[in-house]
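Read off the chains here:
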Amino acid sequence: MSDTRRPLLFVLLGSALLVTVIIHVSFVPEYFPGDVFMTGLALLAGWVTYTIVFYAVGRIVSEPTDLPSMRTADIGIALFLVSALLAAALDAFGFTPEMILEAYVVPAIGIYVGLALLGWSLGRRTEAINEIAS
């Protein structure tokens, strides 16, 4: 990565991290569990910014010599989907978040690890493509 772009990526990382924290600390608790639609929108915005944080980390940290495999992104997407389905199954079986919030810890961890793997893999791949193109 060229040294001229590195400060811009640090700004991207810092701003995305700040937006992620603000969304998860202020907006999600404000709407959860009363307004399902707004909670979903806040979580979606938080998930996107969280993925962008790990995209920026993947761009900053990696120095690939060849094109990396996208297997990590595949694993991240699969982990995200399985965790989201597990959370939906818990709700369908009657274990709502209002009743037993602790049951959603494992799916939440899976969702965030999956998003981190996806963002990091995309960042690495983008950095490799930029290095090959230059």
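Residues numbered from 1 in each chain as written. Predicted model: local features only at pLDDT ≥ 70, side-chain atom pairs only at ≥ 80, totals over all residues. Heavy atoms only, no water.

1. Focus: the overall build of the protein
Within the protein, the secondary structure is distributed over four helices and zero strands. The order of α-helices and β-strands along the protein, N terminus first, is α-α-α-α. Seen along its three principal axes, the alpha-carbon backbone of the protein occupies a region of about 55 × 30 × 20 Å. Relative to its 134 residues, the protein shows a buried fraction of 30%. In the protein, the proportion of contacts linking residues at least 24 apart, taken out of those at least 6 apart, comes to 81%. Carbon together with sulfur atoms contributes 75% to the accessible area of the protein, which is approximately 8100 Å² in total. One way to put it: in the protein the 6 positive side-chain charges average out to a point 15 Å from where the 11 negative ones average out. (Helix = DSSP H or I, 4+ residues; strand = E, 2+ residues; numbered from the N terminus. Buried < 20%, exposed > 50% of the residue type's maximum accessible area, 1.4 Å probe, protein only. Contact = heavy atoms within 4.5 Å. Areas by Shrake-Rupley, 256 points an atom, 1.4 Å probe, with all protein chains shown as cover. Lys, Arg positive; Asp, Glu negative; His and termini not counted. Charge placed at Lys NZ, Arg CZ, Asp CG, Glu CD.)

2. Some remarks on helix α3 (residues 71–92)
The first and last C-alpha atoms of α3 sit 31 Å apart over 22 residues, in line with the 32 Å expected at 1.5 Å per residue. Among all positions in α3, only Ala73, Gly76, Phe80, Ser83, Ala87 and Leu90 are buried. Each buried residue of α3 lies within a common arc of 120 degrees when the element is viewed along its axis, so the set occupies one face. Of the exposed residues in α3, the ones pointing more than 90 degrees away from its buried face are Arg71, Asp74, Val82, Leu85 and Ala92. Buried residues in α3 make contact with α2 (36–61) and α4 (105–133). (Expected span 1.5 Å × (residues − 1). Arc of directions from axis to C-beta.)

3. Observations regarding the environment of Arg59
Note that Arg59 resides in helix α2. With 65 residues separating them along the chain, Arg59 and Arg124 place their C-alpha atoms 5.5 Å apart. Here Glu127 takes part through its side chain, which lies 2.9 Å from a polar atom of the side chain of Arg59. (Polar contact = N/O pair within 3.5 Å; in protein donor to acceptor, adjacent residues only side chain to side chain.)

4. Topic: a nonpolar patch on the surface
On the surface, Phe93, Phe95, Met99 and Ile100 cluster together into a nonpolar patch covering about 450 Å² of accessible area. Examined against the element boundaries, Met99 turns out to sit in the loop between α3 and α4. (Patch = residues over 30% accessible without salt bridge, like charges linked within 9 Å, V, L, I, M, F, W, Y side chains within 5 Å. Salt bridge = Lys/Arg side-chain N within 4 Å of Asp/Glu carboxyl O.)

5. Notes on the confidence of the model for the protein
Overall, the prediction assigns the protein a mean pLDDT of 85, with 96% of residues at 70 or greater. Taken element by element, the protein is modelled with least confidence in helix α1 (residues 6–31), mean pLDDT 78, and with most confidence in α3, mean pLDDT 94. (pLDDT = per-residue confidence, 0-100.)

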